[in-house]
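The primary structure of each chain is shown beneath.
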Number of protein chains: 2
Amino acid sequence: MTAYSCMTRDQQETEYNRILRQYRAFEDQKMNLNIARGKPSREQLDLISDFFDLLHSDSDFSCDGVDCRNYGDLSGLPSAKRLWADILGCKPEETFIGGASSLTLMYDVISKAYTHGLLRSPRPWSKEEKIRFLCPSPGYDRHFRITESFGAELITIPMTESGPDMDLVEAYVQDPAVKGIWCVPKFSNPDGIVYSAQTVERFAHLNPAAPDFVIMWDNAYCVHEFTGEFLPFPDILSACREAGRPDMVFEFASTSKITFPGSGISVFACSEENLKYMTKLMSVQMISYNKVNQYAHVLFLKDREHTLEIMKRHATVMAPKFRVVEEALSSEIAPLGFARWNKPTGGYFVSLFTMPGTAKRALELCSQVGLTMTSAGASYPYGIDPDDSNIRIAPSYPPVEELQQAMNVFCTCLKLAALEKLLGK
Amino acid sequence: MTAYSCMTRDQQETEYNRILRQYRAFEDQKMNLNIARGKPSREQLDLISDFFDLLHSDSDFSCDGVDCRNYGDLSGLPSAKRLWADILGCKPEETFIGGASSLTLMYDVISKAYTHGLLRSPRPWSKEEKIRFLCPSPGYDRHFRITESFGAELITIPMTESGPDMDLVEAYVQDPAVKGIWCVPKFSNPDGIVYSAQTVERFAHLNPAAPDFVIMWDNAYCVHEFTGEFLPFPDILSACREAGRPDMVFEFASTSKITFPGSGISVFACSEENLKYMTKLMSVQMISYNKVNQYAHVLFLKDREHTLEIMKRHATVMAPKFRVVEEALSSEIAPLGFARWNKPTGGYFVSLFTMPGTAKRALELCSQVGLTMTSAGASYPYGIDPDDSNIRIAPSYPPVEELQQAMNVFCTCLKLAALEKLLGK
């Protein structure tokens, strides 16, 4: 195969007609394929449903002297706090155990910043003239949407191989209107990048003009290696404490992709002073999150070591799917020279950069033959990718056979969109 | 026994010394009793723990074609929506199924009113100069605290035998700064009053100046009769719809006192247009609430009829406790003529009005000998009872023997505080 850019125009035309015929063949197949969201597969859920055999009517529901079936313990069961502290590498007294969604905890922090202010806020953000928020991109669309929904101005920070462009971050935090940054530090969504130790240190040593600047550290994929061994990762709470700014960070995680999406438990971790402040605010909105579910998770996951064992069950299903993606892209797309992509060892996504100006069109072509993918631009603030190049591939949900079919369609659409562009069609 | 007001001063002195000796005897007993909160007892929780025998690893987790273990269905499992609609008497498409806490759903509605505005809001409440909120009192302290925490001015509305003083409510809603009212319409907290049909109709026909005035209808005790038969109650959503203001009300409920406190499921019900608006706002903060727990509740509760059967299990434990309270008060306090109280047939509380100016002192006396009760004034806005008279008794948690002991202490402290007042001590 020849790279498209090295072909003559005639060769490109021939190739275009060949790919168009392939595409036309899909049109008749009435496919219904979906690789849009990082949704675990049924097979993964079945592999961990022994979770439901742990609690019975005659179980001892008492844990650390607390009847987990009754009211109380706003910040979580002590045993659940110990579990999360073990997984994240922080202290139990730095954790607050939430409900099924860490996204809700993140929303809560931002919402309370607007209505009540954070611990170090001179006033609630709703009383500030302008709020700006840093968004390393490509990034997680749901993060960006939270701050967007409150009216913050979103600022794109480019991603590098070692994390967000820290020179730019350090420059932006000089602006007192810049109140925070969204981060997925390990196996970033969608790039699968693991922030380098130096990046983590530079985060901890940030010197923002806003006293209530907050690092929203979404450690969503903290134990989510699907290939190779567990990758230890620095504890951001200790790093910030040692750098003298213990209150600058909120870390988040959940069991959504460890046990069950939407019915697991979540956590935020922060300095003890932050925790005290947030717990006081949260005491107005609830008595406690679901402690029965916390208890079931403690029984099921036990500790970090055993959690990593559980994650190996997921890996047996996930690894072959990522291999399908990699094989399709390296055989079908790599030789054509118009796209690049990451090769993650954990997380839920492959992030692909196709020929600039063709991502939207490629996904439109996918959609027309029944393949749903995350919409182009979704990984950028306001849903706009200035290069119209990035595409997020989420291979976890469909069975391997369907995924192969989806990748076949996807590669064809990438090629067709690129050739259309080259030929000015 | 003679009513205190009919005693001579000498008789009062003699009685004072007698009661003081009784009280001194408690001091040596180092008791640790608690009738402060509406917390179900261990016995109740044990009676319904067959809940945990319903789901197993080999269960069919698919419900209405949805795998309840995976992401999706933001507004709830269809079967959970049908269950709540059946219990509340509204339509499934008017329900949004929440997490373990209806309080959190109420907080969310108020919080979003401040940050984004409600469906009919001209602007977010945070942009209004002043927000006022009506608080029928005695009422639920956690309701009042939500609006207080957002900076609303709380206005006390006296309670009558048939619900809040509606003449006053109708007058207050003429003020465009008055944005809503808190209600517990059936077995009100703490009075146990059931709003009359006429009160419900007057609510539905309110004509508020604020276009986004909201009735926060917390139907917390909708199926919580502990004696006698189920009391049917009008559906406020239909009433408001028929009166031409379908968007004026949000109804709330939960299974906190049906299955497990803090690990049940909750619901809000509202017009379909409200639901659409709220669902859009909530899509930013979560993917869905815990659908596994929703499914388990559907399997356990089935429908309203079966839910009422489950409630009879609770009643077997609750009824004897309310009898203990009633017997203690009617034998020890009634003849003395300085206090009155309600005799509810459902809910979780007995609301007592003691001699004005002595409630705080009575509870201080209780506390000094190891009996914890809801603090005096808690049922009023800002925690201030202008008469210092109301006391909330929550008999559900302790075993009957401890409750008898607690009521013994409580009656003694009521008398001592009253005699101190009469004698100017």
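Residues numbered from 1 in each chain as written. Chains lettered and ligands numbered in written order. Predicted model: local features only at pLDDT ≥ 70, side-chain atom pairs only at ≥ 80, totals over all residues. Heavy atoms only, no water.

Caption draft 1: The arrangement of the side chain of R69(B) in detail. With respect to the helices and strands, the residue R69(B) is situated in the loop between strand 3 (66-67) and helix 3 (78-88). Looking at R69(B), its side chain comes within polar contact range of the side chain of D46(A), at 2.9 Å. In this view, R69(B) contacts R42(A), L45(A), D46(A), S49(A), F52(A), F260(A), P261(A), S263(A), F61(B) and V292(B); residues no more than four positions away in its chain are not counted. (Helix = DSSP H or I, 4+ residues; strand = E, 2+ residues; numbered from the N terminus. Polar contact = N/O pair within 3.5 Å; in protein donor to acceptor, adjacent residues only side chain to side chain. Contact = heavy atoms within 4.5 Å.)

Caption draft 2: Layout of the sheet that holds strand 9 (residues 214-218) of chain A. All names here are of chain A. Spatially, eight strands are ordered 4-11-10-9-8-5-6-7 in an open sheet, and the strand pairing comes out mixed. A strand with exactly one partner marks an edge of an open sheet, and here the two such strands are strand 4 (95-98) and strand 7 (163-164). Where strand 6 (residues 153-160) lies against strand 7, two bridges are found, and the strand directions are antiparallel. Residue pairing for strand 7: M159 is matched across the bridge by P164. Strands in contact with helix 9 (residues 272-282) are strand 4, strand 10 (249-254) and strand 11 (266-269); relative to strand 4, the strand with the most contacts, it is inclined by about 35°. (Pairing = 2+ DSSP bridges. Axes fitted to C-alpha atoms, helices over the stretch in contact; angles between N-to-C directions.)

Caption draft 3: How the structure looks around the relation of the copies chain B and chain A. Once chain B has been moved 0.0 Å along the axis and rotated by 180°, it coincides with chain A to within an RMSD of 0.1 Å. When the rotation and shift are considered jointly, the pair of chain copies conforms to a two-fold rotation axis. Of the residues that chain B buries at the interface, 100% are likewise interface residues in chain A, meaning the two copies contact each other through the same surface. (Least-squares fit on C-alpha atoms with pLDDT ≥ 70 in both.)

Caption draft 4: Representation of the sheet that holds strand 13 (residues 350-353) of chain A. Residue and element names in this part refer to chain A. Ordered by their spatial adjacency, three strands build an open sheet running 12-13-15, and the pairing between neighbours is antiparallel. The open sheet has two free edges, formed respectively by strand 12 (340-341) and strand 15 (390-393), since each of these has just one partner strand. Sheet topology places strand 12 next to strand 13; two bridges connect them, and they run antiparallel. Residue W341 lies in a different strand from strand 13, and its bridge partner there is L352. Relative to strand 15, helix 13 (residues 400-423) is tilted by about 175°, and along the sheet it contacts strand 13 and strand 15.

Caption draft 5: Here's a closer look at the interface of chain B and chain A. With 54 residues of chain B at the interface, the matching set in chain A holds 54 residues. Together chain B and chain A conceal approximately 4,400 Å² of surface at their shared face, both sides included; 53% is due to carbon and sulfur atoms. Counting across the chain B and chain A interface gives two salt bridges. Between D46(B) and R69(A) there is a salt bridge, with its nearest N and O atoms 2.8 Å apart. (Buried area = accessible area lost by both parts, 1.4 Å probe. Salt bridge = Lys/Arg side-chain N within 4 Å of Asp/Glu carboxyl O.)

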